[in-house]
Amino acid sequence: MPVLDVLRKDTHKIIGNRSFSDDKDIVKKLGKLCVKYYQLNKMGTVIKHIPGHGCSTLDSHKKLPKVN
């Protein structure tokens, strides 16, 4: 399932095609729709990657990134 990270061109590409977009407004709208329909179907949701893997220059699966 796509994550709510916003793709950014100068950061690590670990998110790849799992992000909805490089446009934060599109990510926001599609994320809200996903949560709405998951909840209507009695499926739990969780937000992860806060403040965002898309802001990191490192893959957090391999090293501890620092995001300012």
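Just so it is clear, the model here is predicted, and its values are computed rather than measured. (Residues numbered from 1 in each chain as written. Predicted model: local features only at pLDDT ≥ 70, side-chain atom pairs only at ≥ 80, totals over all residues. Heavy atoms only, no water.)

J.: Tell me about the overall build of the protein chain, and please be specific about residues and values.
T.: Across its full length, the protein chain holds one helix and zero strands. Taking all 68 residues of the protein chain together, 21% fall into the buried category. Partitioning the contacts of the protein chain with sequence separation of at least 6, the portion at a separation of at least 24 is 37%. Roughly 5,500 Å² of accessible area belongs to the protein chain as shown, and the carbon and sulfur atoms make up 57% of that amount. (Helix = DSSP H or I, 4+ residues; strand = E, 2+ residues; numbered from the N terminus. Buried < 20%, exposed > 50% of the residue type's maximum accessible area, 1.4 Å probe, protein only. Contact = heavy atoms within 4.5 Å. Areas by Shrake-Rupley, 256 points an atom, 1.4 Å probe, with all protein chains shown as cover.)

J.: Break down the environment of Asp22 for me, citing the residues and quoting the values.
T.: Its place among the elements puts Asp22 in the segment before α1 (24–40). With relative accessibility at 58%, the residue Asp22 sits in the exposed group. Put simply, Asp22 and Arg8 are 14 residues apart on the chain and 6.2 Å apart in space, counted from C-alpha to C-alpha.

J.: Describe the side chain of Ser21, and please don't skip the residues or the numbers.
T.: Among the structural elements, Ser21 can be located in the segment before α1. A polar atom in the side chain of Ser21 sits 2.8 Å from the backbone nitrogen of Asp23. Setting aside chain neighbours within four positions, we find Ser21 in contact with Asp5, Val6, Leu7, Ile26 and Val27. (Polar contact = N/O pair within 3.5 Å; in protein donor to acceptor, adjacent residues only side chain to side chain.)

J.: Explain α1 to me, using residue names and the numbers behind them.
T.: Spanning 17 residues, α1 covers 24 Å between terminal C-alpha atoms, matching the ideal 24 Å at 1.5 Å per step. The residue sitting at the N-terminus of α1 and contributing the capping side-chain oxygen is Asp23; that oxygen lies 2.8 Å from the backbone nitrogen of Asp25. (Expected span 1.5 Å × (residues − 1).)

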